[in-house]
Amino acid sequence: YYVAAERDGASESEDKLPGIRFANIDCRGHNVLNIIYHLGKEFQRQIEKYLSQIFDGATFKIAEDDRSIRLFMDSVDNGDNFRPVNVGYGYRYILTLLTVGLMAKQGDFVVIENPEAHLHPSAQSALMRFICEHVISKGVQVLLETHSDHIVNASLLAVRKNVIAQDMMEIMFFYRTANDTEVNIINLEVTSRGRVKNPPRNFCDQYALDLRELMGY
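All values derive from a computational prediction rather than experimental measurement.

Bridge analysis of strand β5 (residues 109-113) against strand β6 (residues 141-145) gives five bridges, and the strand direction is parallel. When the bridges of β6 are listed, V110 appears paired with V142. Running through helix α4 (residues 121-134), the crossover from β5 to the neighbouring parallel element β6 is right-handed.

Throughout the structure, instances matching the rule amount to three salt bridges. Close ionic contact of K16 with E64 constitutes a salt bridge, the shortest N to O distance being 2.7 Å. Taken together, the residues span a long stretch of sequence, with K16 in the loop between β2 (13-15) and α1 (32-38) and E64 in strand β3 (residues 59-64) at a distance of 48 residues. Of the charged contacts in the structure, one is a salt bridge between R45 and E42, with a shortest N-O distance of 3.1 Å. Taken together, the positions of R45 and E42, both in helix α2 (residues 41-54) and three residues apart, correspond to about one turn of that helix.

With that out of the way, let us pick up the nonpolar core. If you look at the biggest cluster of nonpolar residues, it comprises 56 residues, and the most contacted ones within it are F55 and I171. If sequence neighbours within four positions are ignored, F55 has contacts with S75, G90, Y91, I94, L119 and A123.

If you walk through the whole model with that rule in mind, you get one cavity of 30 Å³ or more. There is about 70 Å³ of room inside the largest cavity. Lining the largest cavity, in full, are L97, V100, G101, V110, I112, L127, F130, I131, V135 and V142. Contributions of two or more residues to the lining of the largest cavity are made by α3 (89-103), β5 and α4. Broken down by class, the residue content of the lining of the largest cavity amounts to nine nonpolar, one polar and no charged.

Rules behind the numbers
Residues numbered from 1 in each chain as written. Predicted model: local features only at pLDDT ≥ 70, side-chain atom pairs only at ≥ 80, totals over all residues. Heavy atoms only, no water. Pairing = 2+ DSSP bridges. Helix = DSSP H or I, 4+ residues; strand = E, 2+ residues; numbered from the N terminus. Right-handed = clockwise from strand over helix to strand, strands pointing away. Salt bridge = Lys/Arg side-chain N within 4 Å of Asp/Glu carboxyl O. Core = buried A, V, L, I, M, F, W, Y, C linked by side-chain atoms within 4.5 Å. Buried < 20%, exposed > 50% of the residue type's maximum accessible area, 1.4 Å probe, protein only. Contact = heavy atoms within 4.5 Å. 1 Å grid on protein atoms, 1.4 Å probe; cavity = no way out; pocket = protein on both sides within 12 Å on 5 of 7 lines; lining within 4 Å. Points joined across faces, edges and corners; volume = space filled by probe spheres on them. Nonpolar A, V, L, I, M, F, W, Y, C, P; charged D, E, K, R; others polar.

Here it is, written out as structure tokens:
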């Protein structure tokens, strides 16, 4: 499975494709509603369960007629249903990630670019918990490309809490300096306590740098 950085949020509606069976989800998420619809009510309940955990009570609903499938969402569970455009980009963007995570089976390989797109920091952390607890734990190999310290820190917490074993995770840091003609790659060492040994400059350090200046030390 491949989810591209250039993906779109789930559409508000899609033409219904009766009886279709997708071997793979579109890398930009264009057919995600049809996939969720055809995988059935139990799959849809799983989507809403994890959506609610990541967004603290969010709801999800698919409505249909003879020709189309329509998506409705809300940020809280109060019985209201809204078009996704009136809820927030993150709610639509995460549907493709949840669908891929739930579809993937043992032995599958999942590639996700920028999983943090349009997500609040707490949602980024919760998404990474979902990936560690419910995707990697199934025996799925996951490759993430991220610029988010929240994604990285949540993965380190998963190691610290023994959600995933220390030897199941690798962090590779890519960088280039003004004098480099090629990209440099460092395979960072992660301890069993979820710490990165000897982190390089510019690796998830901007928050600490800003805090030092704000606090005056």
